[in-house]
Amino acid sequence: MSELWDQIAEVLNRDLSPQQTASFLNKLQDALDGQLEACRSVVHKEIDRQQAVWRSKQEDLLQLQLSARNLQAVMERLRDWRTVRRANLR
């Protein structure tokens, strides 16, 4: 990137022909496009990582809900069993 800044300084310090100016602008655009693509790559990787984290948390929550429902069903069966047992003991 420092090479690019050196080229920018060189362009600003002298008059260039239209071809040299166009060449410089093309190089500058290519460098900026490369930087933009690198940034996009980093952002997409972070998005993918965060989505994986959220999927994992969502799966954990679903598992917890399933466990809670199973526990609730067991507690209801136990309550029914106690009610039947009390009725049989009377």
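Scroll up to find the structure.
Treat the numbers as computed from the prediction; the structure is a model and nothing was measured.

Some thoughts on the overall build of the chain
Tallying secondary structure elements over the chain gives two helices and zero strands in all. Across its three principal axes, the chain shows a C-alpha extent of roughly 110 × 20 × 10 Å. Residue burial in the chain is summarised as follows: out of 90 residues, 6% are buried. Within the structure as shown, the chain displays about 8200 Å² of accessible surface, and the carbon and sulfur contribution to it stands at 56%.

What about the pattern of salt bridges?
For the structure on display, the rule yields two salt bridges. The salt bridge partner of Glu 37 is Arg 40, with a shortest N-O separation of 3.7 Å. Separated by three residues within a single helix, Glu 37 and Arg 40 lie in helix α2 (residues 18-89), roughly one turn from each other. The class of Arg 40 is partly exposed, set by a relative accessible area of 42%. Taking the shortest distance from any N to any O, the salt bridge between Arg 49 and Glu 46 comes out at 2.8 Å. You can see Arg 49 and its partner Glu 46 sitting in helix α2, three residues apart, about one turn around the helix.

A few points about a positive patch on the surface
Positive charge collects at one region of the surface, where Arg 79, Arg 82, Arg 85, Arg 86 and Arg 90 lie side by side. Summarising the element assignment, Arg 85 is placed in helix α2.

Quick notes on the rules
Residues numbered from 1 in each chain as written. Predicted model: local features only at pLDDT ≥ 70, side-chain atom pairs only at ≥ 80, totals over all residues. Heavy atoms only, no water. Helix = DSSP H or I, 4+ residues; strand = E, 2+ residues; numbered from the N terminus. Buried < 20%, exposed > 50% of the residue type's maximum accessible area, 1.4 Å probe, protein only. Areas by Shrake-Rupley, 256 points an atom, 1.4 Å probe, with all protein chains shown as cover. Salt bridge = Lys/Arg side-chain N within 4 Å of Asp/Glu carboxyl O. Patch = residues over 30% accessible without salt bridge, like charges linked within 9 Å, V, L, I, M, F, W, Y side chains within 5 Å. Lys, Arg positive; Asp, Glu negative; His and termini not counted. Charge placed at Lys NZ, Arg CZ, Asp CG, Glu CD.

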